[in-house]
Amino acid sequence: MQQYMQQAIQLAKSASSTGVNPRVGAVIVKDGRVVGFGAHLKAGEAHAEVHAIRMAGAAAYGATMYVTLEPCSHHGKTPPCADLVVESGIKRIVIAMSDPNPLVAGQGIARLKAAGIEVEVGLLEREARALNVAFLRSLETRRPYVVLKTATSLDGKVALDTGDSKWVTGTEARRDVHELRSTVDAILTGVGTVLADDPALTVRLDRETTQPLRVVLDRELRTPLSSQLVRTANDVPVLLYTTSDDVSKRDAFIERGVELAAYTSLDAFLQDVYARGIGRLLVEAGPTLVTSLLDGQFVDEWVMYQSPRVFGGKGGFYRSHHDGPLDVIERYDVQSVETVGTDIKLIMRKEESDVHGNR
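The structure presented is a predicted model; accordingly, all values stated were derived computationally and were not measured.

J.: Can you tell me about helix α12 (residues 287–295), naming the residues and giving the values?
T.: Of the positions making up α12, those classed as buried are P287, L289, V290, T291, L293 and L294. The positive-phi residue at the C-terminal boundary of α12 is Q297, with phi of around 55 degrees.

Set out below in structure tokens:
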């Protein structure tokens, strides 16, 4: 049994753009043979159960389905998966975890049981929860799962005092960042970074990928019309949050394909992008925005690349200071440490107590 659920989990990991939806995989087994499988690959498109049942066809009748998350029971952008499972003739379903979404929350399981399907819940639940840590966090906060990416020296500096910051890390680490970009729905930066570095914020890999939305916080509309972001806005969307009411400036951006939105606060901004379908938000920004996000405790995951060099000086990425005590300062759990080329890569997440404390 575990091998089939593990396959379903691996299928779910293949999803890269599910937005605010969870990553889900499903495998259908009959007479000891896999007859269908699928994953929810993109928000608004067919769910994992649909793909698996379509592949299995008539073989689904009397079979067992292994699925990483409780089938949905409500009409959203797609019909209820629980109804399709019933109609397919599947006789048994093994579910890794129930869906905490209030729109489902056990109703899918109840629908399956009412139809006479044998239901088992909890196989590899820990692995299934880890698969959807971003989805679970966003359900609680009603904002995107925020991933902060930083590239620093060993002593935490993002640049020399001369302003030189290109390149802090090596070629392999920079390519790894493009892999990271390919897993998110949007990339956020501030106008300071646009002015200093003129970034493209696109995914550039030797394979086809979906480009994330590019988001800029720019209160006074200082982003140059000649910037890479504006020049490519008709090819890869750009969403710019501003407080400016300068009509001529606004029109100039709109004419070039840049979408404008009103900025009031970081919290309101995060709620707004979540409502737009952004489930995973990658932050690639300078010290001002990074400090605000950390101070607001908005960072859920931190991917830190460190060059094995010491810069010295004052070019750090965090501008606030803490008076303590130490035990009140937010901390992160280290998930992994590895070398990428000549650099160090750390992945950290909020402590579990911080993530699930309000449940």
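Having put the structure on the table, let's press on.
J.: Help me get a handle on the packing of helix α3 (residues 81–88) against helix α4 (residues 107–114), residues and values and all.
T.: Put simply, α3 and α4 touch, their axes get as near as 9 Å, and they point 20 degrees apart. It follows that α3 is roughly parallel to α4 by the angle criterion. Pair α3 / α4 crosses with right-handed handedness. Along the contact surface, α3 presents A82, D83, V85 and V86, while α4 presents G108, R111 and L112. Here the contact of α3 with α4 is composed, by residue class, of four nonpolar, one polar and two charged.

J.: Lay out the side chain of E70 in plain terms, naming residues and giving numbers.
T.: Mapping E70 onto the fold places it in the loop between β3 (64–67) and α3. K113 is the oppositely charged side chain nearest to the buried, salt-bridge-free E70, at an N-O distance of 9.5 Å. There is a polar contact of 2.9 Å between the side chain of E70 and the backbone nitrogen of G108.

J.: Describe the sheet that holds strand β13 (residues 332–340), naming the residues involved and giving the relevant values.
T.: Pairing is mixed in the open sheet, where nine strands are placed in the order β10-β9-β8-β7-β11-β6-β12-β14-β13. Two strands in the sheet have a free side with no partner beyond their single neighbour: β10 (259–262) and β13. Between one strand axis and the next, the sheet turns through 20 degrees on average, direction left out of account. One ladder, built from six bridges, connects strand β12 (residues 301–306) with strand β14 (residues 343–350); its direction is antiparallel.

Scoring rules and cut-offs
Residues numbered from 1 in each chain as written. Predicted model: local features only at pLDDT ≥ 70, side-chain atom pairs only at ≥ 80, totals over all residues. Heavy atoms only, no water. Buried < 20%, exposed > 50% of the residue type's maximum accessible area, 1.4 Å probe, protein only. Helix = DSSP H or I, 4+ residues; strand = E, 2+ residues; numbered from the N terminus. Axes fitted to C-alpha atoms, helices over the stretch in contact; angles between N-to-C directions. Parallel < 35°, antiparallel > 145°, perpendicular 65-115°, else oblique. Left-handed = near helix turned anticlockwise from the far one by under 90°. Contact = heavy atoms within 4.5 Å. Nonpolar A, V, L, I, M, F, W, Y, C, P; charged D, E, K, R; others polar. Lys, Arg positive; Asp, Glu negative; His and termini not counted. Salt bridge = Lys/Arg side-chain N within 4 Å of Asp/Glu carboxyl O. Polar contact = N/O pair within 3.5 Å; in protein donor to acceptor, adjacent residues only side chain to side chain. Pairing = 2+ DSSP bridges.

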